[in-house]
Amino acid sequence: MQARITSVGLVIKPDPVDTFAYPHHIDRASLDALPSKPGIYIFRDEQDRPLYVGKSVNIRSRVLSHLRTPEEARMLRASRYVEFRRTAGDIGALLLESRLIKELQPLHNKKLRRTREMCTLHLGQDVKSAPEVVYARDHDFAKTADLYGLFATRKAALEKLREIVDAEMLCPAMTGLETATHGRACFARQISRCLGACVGAESTDAHYLRLRTALEEMRIVIWPYDGPMGIVEECDGWKQTHVIDHWFYVGSIDQAKGAQKISRAAQRTFDVDTYKILVKPMLRGELRIEPVTLARRDKRDKRPAEG
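Keep in mind the model is a prediction, meaning the values are calculated, not measured.

Quick look at helix α8 (residues 204-215) now. In this model, α8 (12 residues) spans 17 Å end to end at C-alpha, consistent with the 16 Å of a helix rising 1.5 Å per residue. Those residues of α8 that fall on the buried side of the exposure criterion are His207, Tyr208, Leu211, Arg212, Ala214 and Leu215. The buried residues of α8 all sit within an arc of 160° when viewed along its axis, so they share a single face. For α8, the exposed residues lying more than 90 degrees away from the buried face are Leu209 and Thr213. Structurally, α8 contributes buried residues whose contacts are with β6 (119-122), β8 (147-151) and α6 (154-168).

Printed below as a string of structure tokens:
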């Protein structure tokens, strides 16, 4: 359909939906069933294997945009139908997307597909202490104070520290990036890129304060509650409560009659993706947060909580 001009000179462009041709190899019924509501969607192949998991506040619109994207031709050629799951809002969609990508390991979700061993920088309270790289396997990031930044590798953590040291003219020797020699200036001091804490030109207290201030914007927020809390979302009279416990997504409580209940997580670990999804809107007061009470898990039931 081409654009046309009305009798009063208005140009009417065709609606892309009217001219859109659905890929013949993707089940049309699965596409027609997609709602214009929040949730996640899964492209699957002819063996029902997940190819791609995504989320949107408008599932239908987002899936159709995939079908129009030439860069995704490889994934689309292998797709045979699209599955969806509704959520009551964008937060629920983000949390469910993150969980399903880790569980299903879809071929075309590279960013979140692998569960990562995260590390961070820890700075002790002693003014003479230097930042230390510590790992999630050894520390509960949701409970441990004075942690800064989330990194996939030790190398990435040290590169970020080096960037901060260079930008703030901190001392590489005092921050553990260079071997310190008593009474001798670090290399950065020799080229006027350090204020001289290594040789007493700057006090240890002043240097420590500048270091802590520079790290502050990367501080990992300790879970601010004693236990699990619920983030409430509603859509068209449907209410969901997404249960979070120490930055771990336990699952979502569906308020509909007869919906499956969830239990307290048997193994709760800090989840970097859940943290990144929630920490900023939580600190800005944008989330509706309510206390929740979860059933104790039966010791005989080893299954994970449902999402």
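Ordered by their spatial adjacency, three strands build an open sheet running β7-β6-β8, and the pairing between neighbours is antiparallel. Two strands in the sheet have a free side with no partner beyond their single neighbour: β7 (132-135) and β8. Direction aside, the axes of adjacent strands within the sheet are offset by 30° on average. Bridging between β6 and β8 involves three bridges; their strand directions are antiparallel. When the bridges of β8 are listed, leucine 121 appears paired with tyrosine 148.

What follows is about the pairing of strand β4 (residues 50-56). Within a regular beta strand, the side chains point alternately toward one face of the sheet and then the other, so they alternate between its two faces. Along β4, six of the seven residues are buried, which leaves the element largely enclosed by surrounding structure. Across six bridges, the pairing between strand β3 (residues 39-44) and β4 is antiparallel. By the bridge assignment for β4, tyrosine 41 is matched with glycine 54. The antiparallel hairpin formed by β3 and β4 contains five residues in its connecting segment, where aspartate 48 sits at a positive phi of about 70°.

A word on helix α9 (residues 272-283). Since the α-helix packs 3.6 residues into each turn, any two residues three or four apart lie on the same face. The end-to-end C-alpha distance of α9 is 16 Å, a good match for the 16 Å that 12 residues give at a rise of 1.5 Å each. Counted residue by residue, α9 has nine buried out of 12 residues, so it is predominantly covered. Those residues of α9 that are buried are in contact with α5 (90-104), β8, β9 (229-235), β10 (238-244), β11 (249-254) and β12 (289-291).

Turning next to the nonpolar core. Among the nonpolar cores identified, the biggest contains 23 residues, and Leu150, Trp247, Phe270 and Leu278 are the most heavily contacted of them. Of all hydrophobic cores here, the second largest spans 17 residues; its members include Leu121, Leu123, Phe151 and Ala214.

A full pass over the atoms with the stated rule returns seven aromatic pairs. Measuring from ring centre to ring centre gives 6.4 Å for tyrosine 41 and tyrosine 52, while their planes differ by 35°; the resulting arrangement is tilted. Taken together, the positions of tyrosine 41 in strand β3 and tyrosine 52 in strand β4 put the pair 11 residues apart, joining distant regions of the chain. When the centroid spacing of 5.0 Å and the interplanar angle of 80° are considered together, the rings of tryptophan 247 and tyrosine 275 count as edge-to-face. Here tryptophan 247, found in the loop between β10 and β11, pairs with tyrosine 275, found in helix α9; they are 28 residues apart in sequence, far enough to count as distant.

Here is what the cut-offs are and how they apply
Residues numbered from 1 in each chain as written. Predicted model: local features only at pLDDT ≥ 70, side-chain atom pairs only at ≥ 80, totals over all residues. Heavy atoms only, no water. Helix = DSSP H or I, 4+ residues; strand = E, 2+ residues; numbered from the N terminus. Expected span 1.5 Å × (residues − 1). Buried < 20%, exposed > 50% of the residue type's maximum accessible area, 1.4 Å probe, protein only. Arc of directions from axis to C-beta. Contact = heavy atoms within 4.5 Å. Pairing = 2+ DSSP bridges. Axes fitted to C-alpha atoms, helices over the stretch in contact; angles between N-to-C directions. Core = buried A, V, L, I, M, F, W, Y, C linked by side-chain atoms within 4.5 Å. Phe/Tyr/Trp six-rings, centres within 6.5 Å; stacked < 30°, edge-to-face > 60°.

All we've got here are geometric facts, nothing functional implied.
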